[in-house]
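If you want the building blocks of each chain, they are given just below.
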Amino acid sequence: MEALGRQILVEFYDCESSSINDVEYIEESMLDATKEANATIISHNFHKFSPYGVSGVVVIAESHVAIHTWPEYNYAAVDIFTCGETIDPWVIQEFLKEAFSSKNTSSMEMKRGLFKVPQGQRLLFKPSSEVINQ
């Protein structure tokens, strides 16, 4: 079986509360993490809740990276979904672990879009050639 993509569900526990409540810091960290993995950034959007918490997403040609934070519990949930074999989603996970000073992390990888392909062939993933730079 071949997979179109890999999805990593990450739970960051015991994070630095102030860093996961700072929308600008989270946005910068998420963009830097995707750049570190050589992902192609298409767009991004982040929102700060009151009194605390942040949600956001970085859309990449290879899929997306999304986050939801609960600073009052020192916790952040991150979804890293990548298609193709051009980037390693674990690079993003490790970058964010350091950025948020997570002392305990739980991660689970799932294969998405499983298909049986004839022997000697591979599934092809081609991200859109039209990329908007931000």
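None of these values were measured; they are calculated from a predicted model.

What about the packing of helix 1 (residues 23–36) against helix 2 (residues 89–99)?
For any two helices packed against each other, the geometry is given by the interaxial angle and the distance between the axes.
Working step 1: It is at 8 Å that the axes of helix 1 and helix 2 come closest, and there the two elements cross at 145 degrees. As helix 1 packs across helix 2, the resulting crossing turns out to be right-handed. Facing Tyr25, Ser29, Met30, Asp32, Ala33, Thr34 and Glu36 of helix 1, the residues of helix 2 in contact are Val91, Ile92, Phe95, Leu96 and Ala99.
Working step 2: In the contact of helix 1 with helix 2, the residues fall into eight nonpolar, two polar and two charged.

Concerning the environment of serine 101
Working step 1: Counting through the fold element by element, serine 101 comes out in the loop between helix 2 and strand 6 (104–115).
Working step 2: Taking the relative accessible area as the measure of exposure, serine 101 reaches 38% and is therefore partly exposed.
Working step 3: Each C-alpha atom, one on serine 101 and one on tyrosine 13, is 9.1 Å from the other, the two residues being 88 residues apart in sequence.
Working step 4: Contact partners of serine 101, with chain neighbours within four places excluded, come to Asp14, Cys15 and Glu16.

As for the confidence of the model for the protein
Working step 1: Overall, the predicted model of the protein reaches an average pLDDT of 90, with 87% of residues at or above 70.
Working step 2: For residues 128–134, every residue scores under 50 in pLDDT, and the model assigns this stretch eight contacts once sequence neighbours within four places are set aside.

A look at unusual backbone geometry
Working step 1: With an omega of 10 degrees, the peptide bond between serine 50 and proline 51 qualifies as cis.
Working step 2: With respect to the helices and strands, proline 51 occurs in the loop between strand 2 (41–48) and strand 3 (54–60).
Working step 3: At serine 63, a residue that is not glycine, the phi angle is positive and equals roughly 140 degrees.
Working step 4: Position of serine 63 relative to the elements: it lies in strand 4 (residues 63–70).
Working step 5: The buried category is assigned to serine 63, whose relative accessible area is 19%.

About the criteria used
- Residues numbered from 1 in each chain as written.
- Predicted model: local features only at pLDDT ≥ 70, side-chain atom pairs only at ≥ 80, totals over all residues.
- Heavy atoms only, no water.
- Axes fitted to C-alpha atoms, helices over the stretch in contact; angles between N-to-C directions.
- Helix = DSSP H or I, 4+ residues; strand = E, 2+ residues; numbered from the N terminus.
- Left-handed = near helix turned anticlockwise from the far one by under 90°.
- Contact = heavy atoms within 4.5 Å.
- Nonpolar A, V, L, I, M, F, W, Y, C, P; charged D, E, K, R; others polar.
- Buried < 20%, exposed > 50% of the residue type's maximum accessible area, 1.4 Å probe, protein only.
- pLDDT = per-residue confidence, 0-100.

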